[in-house]
Amino acid sequence: MGRLFQVTLEGKIYSCRHCKAHLALSDDIVSKAFQCKHGKAYLFSKVVNVTVGVKEDRLMMTGLHTVADIFCVKCGSIVGWTYETAHDKNQKYKEGKSVLERFKLDGPEGNNYWVSHEAHIGGSDQDDV
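First, a word on scope: everything that follows refers to the structure included in this document. In this text the structure is predicted, and so the values were computed from the model without any measurement.

Turning our attention to the environment of cysteine 72. Within the secondary structure layout, cysteine 72 lies in strand β6 (residues 63-72). Classification of cysteine 72 as buried rests on a relative accessible area of 2%. Separated by 24 residues in the primary sequence, cysteine 72 and valine 48 have C-alpha atoms spaced 8.8 Å apart. Setting aside chain neighbours within four positions, we find cysteine 72 in contact with Cys16, Cys19, Ala21, Asn49, Ser77 and Val79.

Dropping the structure here:
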């Protein structure tokens, strides 16, 4: 195994809760209206320092999507998923973007996000608006 190179971000950073590796910038948030089984999740236009898992079709709250889990490159923790294909034309904006689960991140202020008791346990996709 070779040397691990990581991207260092500057600005308001979201980092891995476990190892503090930089994952995304606040400026790259597309939407904060997503949900995962542990609570809130954010859709980002760009993430760094992640590895992509196996693509699979998942039926989510907004329809069928081809997604792949994403993992922190430093510690291996699953931190979210990336959208490969949205099968519904109204969901195409998600393609090529990634969702990071908020409870697995430290935020720009360095604070941890804790799962609320009202967290939605059933699905992993955007809130119905």
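A few words now on the side chain of asparagine 49. In this structure, asparagine 49 sits in the loop between β4 (39-44) and β5 (50-60). Looking at asparagine 49, the relative accessible area reads 8%, which means it is buried. Only 2.7 Å separates the side chain of asparagine 49 from the backbone oxygen of histidine 22, close enough to count as a polar contact. The residues contacting asparagine 49, other than those within four sequence positions of it, are Gln6, Val7, His22, Leu23, Phe71, Cys72 and Val73.

Here we take up unusual backbone geometry. You will see that lysine 20, though not glycine, has its phi angle at about 70°, which is positive. Looking at where lysine 20 falls in the secondary structure, it is placed in the loop between β1 (13-16) and β2 (22-25). Using a relative accessible area of 46% as the deciding quantity, one classes lysine 20 as partly exposed. Unusually for a residue other than glycine, asparagine 49 sits at a positive phi of about 60°.

Let us look at the nonpolar core. Across soluble globular proteins, nonpolar side chains show a tendency to be buried alongside one another. Core analysis: the biggest nonpolar cluster contains 14 residues, and Cys16, Leu23, Phe44, Val47, Cys72, Val79 and Leu100 have the highest contact counts within it. Those elements that place two or more of their residues in this core are β1, β2, β4 and β6. Leaving out residues up to four positions away in the same chain, cysteine 16 has contacts with Ala21, Leu23, Cys72, Cys75, Lys104 and Asp106. Core analysis: the second largest hydrophobic core is formed by 9 residues, Cys36, Met60, Val67 and Val99 among them.

Conventions adopted
Residues numbered from 1 in each chain as written. Predicted model: local features only at pLDDT ≥ 70, side-chain atom pairs only at ≥ 80, totals over all residues. Heavy atoms only, no water. Helix = DSSP H or I, 4+ residues; strand = E, 2+ residues; numbered from the N terminus. Buried < 20%, exposed > 50% of the residue type's maximum accessible area, 1.4 Å probe, protein only. Contact = heavy atoms within 4.5 Å. Polar contact = N/O pair within 3.5 Å; in protein donor to acceptor, adjacent residues only side chain to side chain. Core = buried A, V, L, I, M, F, W, Y, C linked by side-chain atoms within 4.5 Å.

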